[in-house]
Amino acid sequence: MENQVLTPHVYWAQRHRELYLRVELSDVQNPGISITENVLHFKAQGHGAKGDNVYEFHLEFLDLVKPEPVYKLTQRQVNITVQKKVSQWWERLTKQEKRPLFLAPDFDRWLDESDAEMELRAKEEERLNKLRIESQGSPETLTSLKKGYLFMYNLVQFLGFSWIFVNMTVRFFILGKESFYDTFHTLADMMYFCQMLSVVETVNAAIGVIKSPVTPSLIQLCGRNFILFIIFGTMEEMQNKAVVFFVFYSWSAIEIFRYPFYMLSCIDMDWKVLTWLRYTVWIPLYPLGCLAEAVSVIQSIPVFNETGRFSFTLPYPVKIKVRFSFFLQIYLIILFLGLYVNFRHLYKQRRRRYGQKKKKIH
């Protein structure tokens, strides 16, 4: 006796772009599922409400669909997905107004139109975010690029200050005190380059490329560039003084330890000797460098008074001549305030790195 042909229970739901059909049949293998002339044809041997039989049904859709249904078999049902040709909300599934008896809403997947629109927007935002991430690169790629950029910056600065430091050291051993007086003419170009490049360091801190406060970096940048470009760069009388040697030497002596420390940090390396030097050599060198800067400012005051450079007269009716040396005296105060701010910042860094020393118990 041939198996009776029956209609299975079918449950449906929709989204703006898709239709979902769930056919209540278990133990189905190789079902016949196709779409021709906008009609879905289903036929399969399986176990349904009427036992083990051949079950089939036909559904003519309300609007046009793509003729490539996708189905997935589970132990208890057949799930069919059909793509709409036009993304829109349907008032019903079938072309005929009266719902077939075997067809019912799938309340497990059912959404009303407004909820479906919210889901669609969420999926669209997720898709756009994915595209944005792909276009910008993955977080791992961005991190690698940032580390590579910081490594190269610190490497260039290390090479520049190392060249200055080695050059000054060699010249001192060969020429002795005579090397003090032509330091500027010998090394100024490289020092100009390194100090102009150090602007990048402050910008990195300001935009969050590096986790470092902006204020200490900005104080050092402005202070050094004021000494280099204004005190030394604009006054030939200052370029032949011995103080230039001590300023340049203290700056480079600090940086030849700081930049390689940051360079190795970019590749997650920690050389304990270098780390200790980076957090220690500033203790004597930083105050000495500030002292040398202060001496250069004090020595420049009579030179600026004599030449009148950067001095100006206030307009009528005041007509008071304001000498640039007045601002230099103010700068001396700012210089030592900056020393306090940066010294405090560096001390906090060292304390975080090595911890507070235990107090002696008397």
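About the criteria used
Residues numbered from 1 in each chain as written. Predicted model: local features only at pLDDT ≥ 70, side-chain atom pairs only at ≥ 80, totals over all residues. Heavy atoms only, no water. UniProt positions renumbered as here; feature names shortened; annotations may be inferred. Helix = DSSP H or I, 4+ residues; strand = E, 2+ residues; numbered from the N terminus. Rg over C-alpha atoms; globule rule 2.2 N^0.38 Å. Buried < 20%, exposed > 50% of the residue type's maximum accessible area, 1.4 Å probe, protein only. Contact = heavy atoms within 4.5 Å. Areas by Shrake-Rupley, 256 points an atom, 1.4 Å probe, with all protein chains shown as cover. Domains from an automatic or database assignment. Pairing = 2+ DSSP bridges.

As annotated in an unreviewed UniProt entry, the protein chain carries the name Very-long-chain (3R)-3-hydroxyacyl-CoA dehydratase and is attributed to Callorhinus ursinus. Per its UniProt entry, the protein chain bears the Pathway (unreviewed entry) comment "Lipid metabolism; fatty acid biosynthesis." Quoted verbatim from the Sequence similarities (unreviewed entry) heading of the UniProt record, the comment on the protein chain is "Belongs to the very long-chain fatty acids dehydratase HACD family."

Peer 1: Is there a simple way to think about the overall build of the protein chain in this case?
Peer 2: For the protein chain, the count of helices and strands is 10 helices and 11 strands. Taking 362 residues into account, the globule formula puts the C-alpha radius of gyration at 21 Å, and the protein chain, at 39 Å, lies well above it. Along the longest, intermediate and shortest principal axes, the C-alpha atoms of the protein chain span 120 × 65 × 50 Å. For the protein chain, buried positions account for 41% of its 362 residues. Contacts in the protein chain between residues far apart in sequence, at least 24 positions, make up 67% of those at least 6 positions apart. Carbon together with sulfur atoms contributes 60% to the accessible area of the protein chain, which is approximately 22,300 Å² in total.

Peer 1: How should I be thinking about the domain arrangement of the protein chain in this particular structure?
Peer 2: Accessible area lost upon the coming together of the parts is a frequently used measure of interface size. In terms of domain boundaries, the protein chain breaks down into domain 1 (10-112) and domain 2 (143-353). Placing the centre of domain 1 and that of domain 2 at their C-alpha centroids yields a distance of 76 Å.

Peer 1: What exactly am I supposed to notice about the pairing of strand β7 (residues 70-73) here?
Peer 2: Strand direction decides the pairing type here: β7 and strand β8 (residues 78-83), joined by 4 bridges, are antiparallel. When the bridges of β8 are listed, L73 appears paired with V78. Counting the residues that bridge the hairpin from β7 to β8 gives 4 residues.

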